[in-house]
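Residues per chain, in single letters:
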Amino acid sequence: MGERGQVTVPVGAAGLPADIDGPADAAGVVLFAHGSGSSRHSPRNVAVARVLQRRGLVTVLVDLLTAEEDAVDAVTAELRFDIGMLADRLAGIVDWLGTEPSLGRLPVGLFGASTGAAAALVAAAARPERVAAVVSRGGRPDLAGSALTAVRAPTLMLVGGLDEQVITLNEQAAERLAAPNELRIVPDATHLFEEPGTLDQVADAASDWFATHLAVRN
């Protein structure tokens, strides 16, 4: 199976559990950055990952906090908003992917949800030579701060049409993004895209975005 399956990714002093799946002849690899209070088992991210796999991409669903950190965060909620630390971990995972025999040659996409979208954009700014595309689902790209002006990867921002505050925050972030970007509103969707068919629209849009922009790097 090689890198596929359950693995532990070494990032600094941490060992982060990850689930890696996808076809042997993949055109790219997509690393997921889950949102605040979530994990690699996020049902929405897992559902999107399955669609990406069917579209010929390897997916990496990873816990950005260790079990010990997660226990602390469950009480304090402090680490889930530490965008700098989460971005450093994502960048470390991108570096690790580059060392893996069957994955190192593949262009990398980042899929970030909620606060994970900010971490994904900061990591993309830190690894412009490796990260070829970013997709944000109900994201908080505004939390990426000054890194927005350094992002080079084409970025797609997907926001629910009923998530009005987040729409505004995404519009403001889009104005600061240096990279080519697009903001798409999913009609009648709330923040978590729980309405029938809305998550399917997210998965289809993300698949098309990654298929287009990761192919350019191949």
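Structural data are supplied above this passage.
Thresholds applied
- Residues numbered from 1 in each chain as written.
- Predicted model: local features only at pLDDT ≥ 70, side-chain atom pairs only at ≥ 80, totals over all residues.
- Heavy atoms only, no water.
- Helix = DSSP H or I, 4+ residues; strand = E, 2+ residues; numbered from the N terminus.
- Buried < 20%, exposed > 50% of the residue type's maximum accessible area, 1.4 Å probe, protein only.
- Polar contact = N/O pair within 3.5 Å; in protein donor to acceptor, adjacent residues only side chain to side chain.
- Contact = heavy atoms within 4.5 Å.
- Pairing = 2+ DSSP bridges.
- Axes fitted to C-alpha atoms, helices over the stretch in contact; angles between N-to-C directions.
- Salt bridge = Lys/Arg side-chain N within 4 Å of Asp/Glu carboxyl O.
- Core = buried A, V, L, I, M, F, W, Y, C linked by side-chain atoms within 4.5 Å.

Undergrad: I keep staring at the environment of Gly12 and nothing clicks. Help me out?
TA: With respect to the helices, strands and loops of the structure, Gly12 is situated in the loop between strand S1 (5-11) and strand S2 (14-21). The exposure class assigned to Gly12 is exposed, which follows from its relative accessible area of 80%. Each C-alpha atom of the pair Gly12 and Arg184 lies 36 Å from the other, and the pair is 172 residues apart in sequence.

Undergrad: What is the right way to read the side chain of Asn170 from this model?
TA: Mapping Asn170 onto the fold places it in helix H5 (residues 164-176). On the basis of relative accessibility, which here comes to 0%, the residue Asn170 falls in the buried class. Polar contacts involving the side chain of Asn170 include one to the main-chain carbonyl oxygen of Gly139, which spans 3.1 Å. Ignoring anything within four residues of it in the chain, the contact list for Asn170 reads Ser136, Gly139, Pro141, Met157, Val159 and Leu183.

Undergrad: Sorry if this is basic, but what is going on with the sheet that holds strand S8 (residues 181-186) here?
TA: Strand pairs in the sheet, formed through backbone hydrogen bonds, run parallel or antiparallel to each other. One open sheet accounts for eight strands, arranged S1-S2-S4-S3-S5-S6-S7-S8; its pairing is mixed. If you trace the sheet from one side to the other, it starts and ends with S1 and S8, each paired once. Recorded for the sheet is a direction-independent mean angle of 25° between the axes of neighbouring strands. Two elements, strand S5 (residues 108-113) and strand S6 (residues 131-137), share six bridges in a ladder whose sense is parallel. The partner of Gly112 across the bridge, within S6, is Ser136. Packed on one face of the sheet, helix H4 (residues 115-126) meets strand S3 (28-33), S5, S6 and strand S7 (155-160) and runs near 150° to S5.

Undergrad: Sorry, what's going on with the environment of Val202 here?
TA: Here Val202 lies in helix H6 (residues 198-217). Along the chain, Val202 and His213 lie eleven residues apart, while their C-alpha atoms are 16 Å from each other. Contact partners of Val202, with chain neighbours within four places excluded, come to Val48, Phe111, Arg137, Leu158, Val186 and Phe193.

Undergrad: How should I be thinking about unusual backbone geometry in this particular structure?
TA: Leaving glycine aside, a negative phi is the common case for residues, and trans is the common case for peptide bonds. The backbone phi angle of Ser114 is positive, close to 55°, even though this residue is not glycine. You can see Ser114 is positioned in the loop between S5 and H4.

Undergrad: Could you clarify how one ought to interpret the side chain of Arg40 in this entry?
TA: Inspection of the secondary structure puts Arg40 in the loop between S3 and helix H1 (43-54). A distance of 2.6 Å separates polar atoms of two side chains, one belonging to Arg40 and the other to Asp63. Apart from residues lying up to four places away in sequence, Arg40 is in contact with Pro17, Ala18, Asp19, His34, Val46, Leu61, Val62 and Asp63.

Undergrad: Just checking my understanding: could you explain the pattern of salt bridges for this structure?
TA: Here the idea is simple: oppositely charged side chains can pair when their charged atoms come close. Taken as a whole, this structure holds seven salt bridges when the rule is applied. Here Asp95 and Arg127 are joined by a salt bridge, their closest N and O atoms 2.8 Å apart. Here Arg127 lies in the loop between H4 and S6 and Asp95 lies in helix H3 (residues 83-99), a separation of 32 residues in the sequence. The class of Asp95 is partly exposed, set by a relative accessible area of 35%. Overall, Arg127 belongs to the partly exposed group, its relative accessible area being 21%. One salt bridge connects Asp142 with Arg140, and the closest N-O pair in it is separated by 2.7 Å.

Undergrad: Please explain the nonpolar core as it appears in this structure.
TA: Counting residues in hydrophobic clusters, the biggest one holds 49 residues, and the most contacted among them are Leu31, Leu90, Ile93, Leu110 and Val134. With nine residues, the top contributor of residues to this core is H3. Contacts of Leu31, omitting those with residues within four sequence positions, involve Val60, Val62, Leu90, Ile93, Val94, Gly109, Leu110 and Phe111. Within the second largest apolar cluster, 25 residues are counted, among which are Phe32, Leu52, Val186 and Phe210.

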